[in-house]
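Residues per chain are reported as follows:
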Amino acid sequence: MKMKTNWHDVFPKNNLQDGYIGDHVTLCEDLPAKHFLRKGATFYALGSKPNPEFQHDSEAFRENPDYLRLRVLPSSPLYAKLCASDTNGDCTLP
């Protein structure tokens, strides 16, 4: 992972215990392998836009075709899980 200093908050927010918000949060490298695939994990559908509302990436990511984006095919088991088809077989994922 590359650390970009200009992406960091230049005014870190204090917490109520003489530290900063986010102190002692588990680092990604310290999480168990494939933790995001475990039962109970949550998924946020950010939409089909390359730079959706809740994701704030550099303009370089948004316009660069070399950066791969996940594409879930309707024939895949993941699509079936995410889609949650109704009784007509129509996908209910917004």
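Scroll up to find the structure.
Attention here is on the structure that accompanies the text. (Residues numbered from 1 in each chain as written. Predicted model: local features only at pLDDT ≥ 70, side-chain atom pairs only at ≥ 80, totals over all residues. Heavy atoms only, no water.)

**Some points on the overall build of the protein chain**
Item 1. Scanning the protein chain from terminus to terminus reveals 2 helices and 0 strands.
Item 2. In the protein chain, which comprises 94 residues, the proportion classed as buried is 4%.
Item 3. Counting every atom, the protein chain has about 9,400 Å² of accessible surface; 57% of that belongs to carbon and sulfur. (Helix = DSSP H or I, 4+ residues; strand = E, 2+ residues; numbered from the N terminus. Buried < 20%, exposed > 50% of the residue type's maximum accessible area, 1.4 Å probe, protein only. Areas by Shrake-Rupley, 256 points an atom, 1.4 Å probe, with all protein chains shown as cover.)

**Some remarks on unusual backbone geometry**
Item 1. Phi at aspartate 18 is positive, roughly 60°, even though this residue is not glycine.
Item 2. Inspection of the secondary structure puts aspartate 18 in the segment before helix H1 (59-63).
Item 3. The phi dihedral of lysine 34 falls on the positive side, at around 55°, and the residue is not glycine.
Item 4. When you line up the elements, lysine 34 lands in the segment before H1.

**Describing the layout of surface pockets**
Item 1. Of the volumes computed, that of the second largest pocket is approximately 380 Å³.
Item 2. If you go around the second largest pocket, the residues you meet are Phe36, Leu37, Arg38, Lys39, Ala41, Thr42, Phe43, Leu70, Val72, Leu78, Lys81 and Leu82.
Item 3. Of the residues contributing to the lining of the second largest pocket, the split by class is 8 nonpolar, 1 polar and 3 charged. (1 Å grid on protein atoms, 1.4 Å probe; cavity = no way out; pocket = protein on both sides within 12 Å on 5 of 7 lines; lining within 4 Å. Points joined across faces, edges and corners; volume = space filled by probe spheres on them. Nonpolar A, V, L, I, M, F, W, Y, C, P; charged D, E, K, R; others polar.)

**Quick word on the environment of leucine 82**
Item 1. The residue leucine 82 is located in helix H2 (residues 77-83) in this model.
Item 2. With relative accessibility at 25%, the residue leucine 82 sits in the partly exposed group.
Item 3. Separated by 39 residues in sequence, leucine 82 and phenylalanine 43 have C-alpha atoms that sit 8.9 Å apart.

Keep in mind these values describe shape, not function.
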